[in-house]
Amino acid sequence: MVFSSLPFLFIFLPICLILYYAVPGWAWEKSGVVREKSGDGTGTCVKRKKKDMRFKNAVLLLMSLVFYTAGEPVYVILLVLCALAGWLSGFLIEKYRDQSPKKAKAAAVICVAICLSMLFVFKYLGFFIDTLRLLPFVDLPSVKLTLPIGISFYTFQTISYDIDLLKGKAGLQRNFGRFLLFVSLFPQLTAGPILRYKDIEAQLTDRTATKEKFCEGITRFLCGCAKKVLIANTLGELVDFTFSAGAEGVARANVWFGVLAFSLQIYYDFSGYSDMAIGLGKMFGFDYAENFNYPYVSRSITEFWRRWHISLGSFFRDYVYIPLGGNRRHQVLNLLVVWLLTGLWHGAGWNFVLWGLFFFVLLIIEKFILKGRLEKIPALSNVVTLPLLAVGWAVFYFEDIRQCLTALESMFGFGNAPLWDTVGANMFLAKLPVILIAVAGCLPLGKIVGKKIAAQRTRRPVLWFTLMLLYSATMLFLCVCSLVSSTYNPFLYFRF
Amino acid sequence: MKKDERSKRIAELLSTVIISLFISVLAVGGVTSLLVKSGDISEKEQRNLKKYPEFSWSSFFDGSFFKETEEAYNDRFPLRNLFIDTAESIREVVTIKTGPEFIPIANEDDDFFNQEEYGTPVPWEDQTASPSPDSGDRETEAPTPEPTPEDQGTASPSKTEGPDETPSYTPTPLPTPTPTPTPTAPPSSPAPFDISGYEVFTGGRQLSGVVIENGRGMEVFNGTAEAAEGYTLYLQRLALKYSEKRVVSVVTPNACAFYSSSEYRTENHDQKAWLELAAKNMQGVVVPDVYGALASHKDEYIFFKTDHHWTALGAYYAYREICTELGMDPVDIGELETRKIEGFLGSIYNKTNSKTLESSPDTIYCYMPKVRTIARCNQSRSALNLSSLKMIDTVNPNYRGSNLYVCFIAGDNPYTEITTSAGTGKSCFIIKNSYANCLVPWLCHNYDTLYILDPRHVNTTGDNRFSLEGFLGSHEVDDIIVVSHTLFAATTDNIFYAGLMRLS
């Protein structure tokens, strides 16, 4: 199930919200009866209610599993197994952490290995074997396994629990239900953001969805839905049309148009989905960290990666880069490893490795040659950074390395593609208004306006209410119109 | 501060309102979508709506159960037409149109859309043999066919008509048909396919969609050499196998060949070139020059603007060409009664929802056959149960269903059989797609019996398949006519082509 779909909006979500708020968020204290002495010596029995998320968590867990099963009726078992491995190893880590740290580390390593092997088998095995088959003496059969949805996310989340626990940054989770909830929370299960256990730990047992937070969640969710359905899908039509038969023979101008459209599409698609995830989280009282921060205003590639898919970047920084030595020991090698992994995480293909390497080279240049000088020049730095990102997206888009090279050739004046093509140009012009809206949306205006409106909530509540209502109603209506009228609803980051 | 307190309380209250509205709207929408029954047919889109799948453990585990359930849910969402129309209006607002507007549409073989009942067909006895003076909905401004170049010099029909005059024609004599030359040595096998000069059809960009230009919607053609080879081979084999019959290939171009900007009808989108390629590779097959016949009349109303078909007038010009090639006398259009059906918004409008097309709908001109006809058809695809044929009209100008093109031979049915009072002693077997529907009424004037098969809607493989050989063995047939349009004959990935290739 995808968030931006009619069944999710009208069946799953209302049922989930109603059930969640129908069950109590408290439970009677275990002791049940408390004797209180009053002044005259008699005692009164007082039963106290204590905040307890167990029922609400149960609803969320059940709904999350239903949500996942609808998309992956078979591989839901992998999700549960992964969570089980993480949870069980947690006990071993906790037990040995202080006395025999080596044993604790071993337990963590075993669990991480289990998670990564799961990821390797389902995501990379086919690619690995295909690569081996290029060698002359290898005679292996080709392997094609379907990629279980969200495997790149829930394996990483489980890993984060083990490592955080090992390092003492998080506490042991004794309750499997709660741990499974962390791993399978439906708002972020299929496409992130990647949650760290230490950030969610407290919220599992203690969170409140204040009305203010819930309303923020509604607008955030609808904003994300609009980004995906109204903008990303429309741009996707142009991209698909331009590259419907690969990059061969496509006019140069069209390749640039297509790459530009794709750069915008992937941003709106992915950040839209993250917005929906964060919005949904808020509706249930969760606060997730931001995953995107207007990445296209970046003045350098370094800055870009602090603004794009933040949860992934910080995951690799904390769990790969820093443990390897960070910028203290063999920094260049560490960066290389991180960027190869970042590229590979996005897909099992050589173009993704190339994409990672491309950023590695650019980052090295920025770190050691430019040393932050370019970043300081306002407009020039943007003008340099954006085309570089576009080139990166061209590499990202074409999974076939030959198509990839053809596209790059066309973009930079080599090869023998024609310069111009009327049909493609007309298509681009036709979509230009949406492209301009998309480009305008890359500026942090939305955030500024959103903050201003939120500030009015307690000062001029009626104004705030009117704006909220108008915005939500319009976005919801437009999204439904678009969803009903088209079956075109691709989700790019679904292959992760 | 009291004011602060009050504001806070109002904010909380209004927040509750928003939250409640949000949940209620979604919940009410959900309940409505589950309770309200949608029909099974989308008239707007001219297709069957997806059905909810049957549950089975295997479909559950391979994911198809949820996928199909979701698709069916999306298809049957309430107020579907309202949402689609709104989405289209908004799309028009945020789209810059620079002349021709190309709308990419994925090629889908639409689900066979079974027509609903359209009334009792006119029985044989009541069909007039010649136009009678006062028969109801009389058309007075039928488009006049213009004389083809070879007709010049003879008495030409008067072209000016007042609104209350019936079109008057002086029948124009046609040139004596050139006798088909007898081949000197009958070939024993099909000639090898020769692509020289037409290599452009081995590659080229695929533009799958519709271009809207000057208020006309046209499907773009992407011809392939592969399809040409398969098609010409099939026709030649047919000619060899049934050498005592005449095999005729009627492939017609669509409007895009005549009315679109050059980028949509050159290179591998060039229908004229593809037709030449096909024609030069068909030995032993009669190939009328349909393209030429239509080209010389392209300023007339020979194609619909909102539908992908040609009009009955366009079919008439092709019919005259076919008659010339086959040595038959075509009927004179001036002798036929014309009726019209207005407000036709066809397939292209349905696929694109274009407001441009909506604002200028088509008119269907029905030319009532001069001969009497009895037409019956079969609507089930499994091997024909010829005893359960249903009576239909050859041309029904009173049809008012959702797809008005169905007025011609009741649309696309697996098998149709027409007996006429033409008295020529000849019969034909027509293998067709929907383009033949308005051609058939013309051919009724030259054949006593017409057997019509749509290879998309019969089984062509398996135990229950339609056997062409069997049928031709047990029925008298003089001519085998294969009728389709370029989009179907020149590409291999459509069910007409697939069905045709398997028909034997």
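Below: a short report on this structure.

We now examine the overall build of chain B. Looking only at helices and strands, chain B has 15 helices and 14 strands in total. Considering only residue pairs separated by 6 or more positions, chain B has 75% of its internal contacts joining residues 24 or more positions apart. Carbon and sulfur atoms provide 52% of the accessible area of chain B, an area that totals close to 22,400 Å².

Here we come to a nonpolar patch on the surface. Together, A:Val332, A:Val361, A:Ile365, A:Phe368 and A:Ile369 make up an exposed nonpolar region whose accessible area comes to about 410 Å². A residue is classified by how much of its surface remains accessible, and A:Val332, at 38% relative accessible area, is partly exposed.

Below, the discussion takes up the interface of chain A and chain B. On the side of chain B, 48 residues touch chain A, which itself brings 53 residues to the contact. Summing both sides of the interface, chain A and chain B together bury roughly 4,400 Å²; the carbon and sulfur share of this comes to 77%. Counting across the chain A and chain B interface gives three salt bridges. One salt bridge in this structure joins B:Arg205 and A:Asp421, with 2.8 Å as the shortest N-O distance. Taken together, chain A and chain B are joined by six residue pairs in polar contact (both at pLDDT 80 or more). When residues of the side of chain A that touches chain B are traced back to their parent elements, those giving at least two are helix H1 (6-22), helix H2 (54-71), helix H9 (211-242), helix H17 (422-430), helix H18 (432-441), helix H19 (445-459) and helix H20 (461-485) of chain A.

Here the focus is the packing of helix H5 (residues 225-241) of chain B against helix H15 (residues 495-502) of chain B. Residues and elements named next belong to chain B. Contact geometry of H5 with H15 gives a least axis separation of 10 Å together with a crossing angle of 35°. As H5 packs across H15, the resulting crossing turns out to be left-handed. Of H15, the residues touching H5 (which contributes Glu226, Ala227, Gly230, Tyr231 and Tyr234) are Tyr497, Leu500 and Met501. Partitioned by chemical class, the residues of the contact of H5 with H15 number six nonpolar, one polar and one charged.

Residues and elements named next belong to chain B. Ordered by their spatial adjacency, seven strands build an open sheet running S6-S14-S12-S13-S11-S9-S10, and the pairing between neighbours is mixed. For this open sheet the edge positions go to strand S6 (246-252) and strand S10 (390-392), each flanked by a neighbour on one side alone. Pairwise comparison of adjacent strand axes, ignoring direction, gives a mean angle of 20° for this sheet. Bridge count for strand S9 (residues 373-378) against S10 is three bridges, and the pairing is antiparallel. For Ala375, the partnering residue across the bridge sits in S10 and is Ile392.

Conventions used here
- Residues numbered from 1 in each chain as written.
- Chains lettered and ligands numbered in written order.
- Predicted model: local features only at pLDDT ≥ 70, side-chain atom pairs only at ≥ 80, totals over all residues.
- Heavy atoms only, no water.
- Helix = DSSP H or I, 4+ residues; strand = E, 2+ residues; numbered from the N terminus.
- Contact = heavy atoms within 4.5 Å.
- Areas by Shrake-Rupley, 256 points an atom, 1.4 Å probe, with all protein chains shown as cover.
- Patch = residues over 30% accessible without salt bridge, like charges linked within 9 Å, V, L, I, M, F, W, Y side chains within 5 Å.
- Salt bridge = Lys/Arg side-chain N within 4 Å of Asp/Glu carboxyl O.
- Buried < 20%, exposed > 50% of the residue type's maximum accessible area, 1.4 Å probe, protein only.
- Buried area = accessible area lost by both parts, 1.4 Å probe.
- Polar contact = N/O pair within 3.5 Å; in protein donor to acceptor, adjacent residues only side chain to side chain.
- Axes fitted to C-alpha atoms, helices over the stretch in contact; angles between N-to-C directions.
- Left-handed = near helix turned anticlockwise from the far one by under 90°.
- Nonpolar A, V, L, I, M, F, W, Y, C, P; charged D, E, K, R; others polar.
- Pairing = 2+ DSSP bridges.

The quantities given are spatial measurements derived from coordinates; they are silent on function.
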